[in-house]
Amino acid sequence: MKHIEGHFDARGLKIDLIVSRFNDFISSHLLEGALDCLRRHGARDEDLTVYRVPGSFEIPYLAARLADRKPKPDAIICLGAVIRGSTDHYQYVAEGMARGIQRVAMDSGVPVILGVLTTDTIEQAIERAGTKSGNKGADAALAAIEMATLFRQVSAKA
Ligand code: INI
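The text that follows walks through the structure, step by step, so that each part is easy to find.

Calculation criteria
Residues numbered from 1 in each chain as written. Predicted model: local features only at pLDDT ≥ 70, side-chain atom pairs only at ≥ 80, totals over all residues. Heavy atoms only, no water. 1 Å grid on protein atoms, 1.4 Å probe; cavity = no way out; pocket = protein on both sides within 12 Å on 5 of 7 lines; lining within 4 Å. Points joined across faces, edges and corners; volume = space filled by probe spheres on them. Helix = DSSP H or I, 4+ residues; strand = E, 2+ residues; numbered from the N terminus. Nonpolar A, V, L, I, M, F, W, Y, C, P; charged D, E, K, R; others polar. Core = buried A, V, L, I, M, F, W, Y, C linked by side-chain atoms within 4.5 Å. Buried < 20%, exposed > 50% of the residue type's maximum accessible area, 1.4 Å probe, protein only. Contact = heavy atoms within 4.5 Å. Salt bridge = Lys/Arg side-chain N within 4 Å of Asp/Glu carboxyl O.

## Section: the layout of surface pockets
A volume near 290 Å³ is recorded for the largest pocket. Lining the largest pocket are 18 residues, and of these Phe22, Val82, His89, Tyr90 and Val93 sit closest to its centre. Looking at the lining of the largest pocket, the elements with two or more residues in it are β3 (75–83) and α3 (89–108). Counted by class, the lining of the largest pocket contains 8 nonpolar, 8 polar and 2 charged residues.

Here it is in structure tokens:
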């Protein structure tokens, strides 16, 4: 029986991070968590590139461009915070962002990791950006390492 899975050694992985400027108070902490996690798993700064976009809705547009480059990145990590307001704008931004990210991943074959918080309140976002519920940017980085190392093995076997 074959059993193939990713691991958590990030040495040599080329990873792009896309960070939304909207709610930067939150997304900057997600970025810190992601970078810290990547470095602690062996990623080198010269293999990491941070890109900024205006809001989470724009993340998939840039992800599509980055995933299209040759050579492709090993993974793309998307970071931001969509926080519910008094109108339904939140819903359009959150749905467009999540569906777009998934579409880029499916179309490109690059793991595109959803590290964008969608919360009802600012407090819930703070809890997930390095306080009592951990740091979802770090969680996204771990998922990126696991998927990138899994995809490398699958490609090597193909
Ligand atoms: N962008 C976010 O990243 N988070 C939000 O909470 C948010 N809300 O609620 O408005 C938000 N809006 C901006 C959006 O992502 C686009 O930048 C904008 O609509 C221009 O296309």
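## Focus: the nonpolar core
Core analysis: the biggest nonpolar cluster contains 29 residues, and Ile15, Leu17, Ile26, Leu38, Leu48, Ile77 and Leu79 have the highest contact counts within it. Mapped onto this core, the elements with two or more residues apiece are β1 (15–20), α1 (24–40), β3, β4 (112–119) and α5 (136–157). For this core, the leading source of residues is α1, giving 7 residues. In contact with Ile15, other than residues within four places in its own chain, are Leu38, Asp47, Leu48, Thr49, Ala75 and Ile77.

## A few points about the pattern of salt bridges
For the coordinates displayed, the defined rule picks out 15 salt bridges. With its nearest N and O atoms 3.8 Å apart, the salt bridge here joins Arg52 to Asp24. Residue Arg52 is found in strand β2 (residues 48–53), and its partner Asp24 is found in helix α1; the two are separated by 28 residues along the sequence. A salt bridge links Asp47 to Arg44, with the shortest nitrogen-to-oxygen separation between them at 2.8 Å. By relative accessible area, which is 42% here, Arg44 ends up partly exposed.

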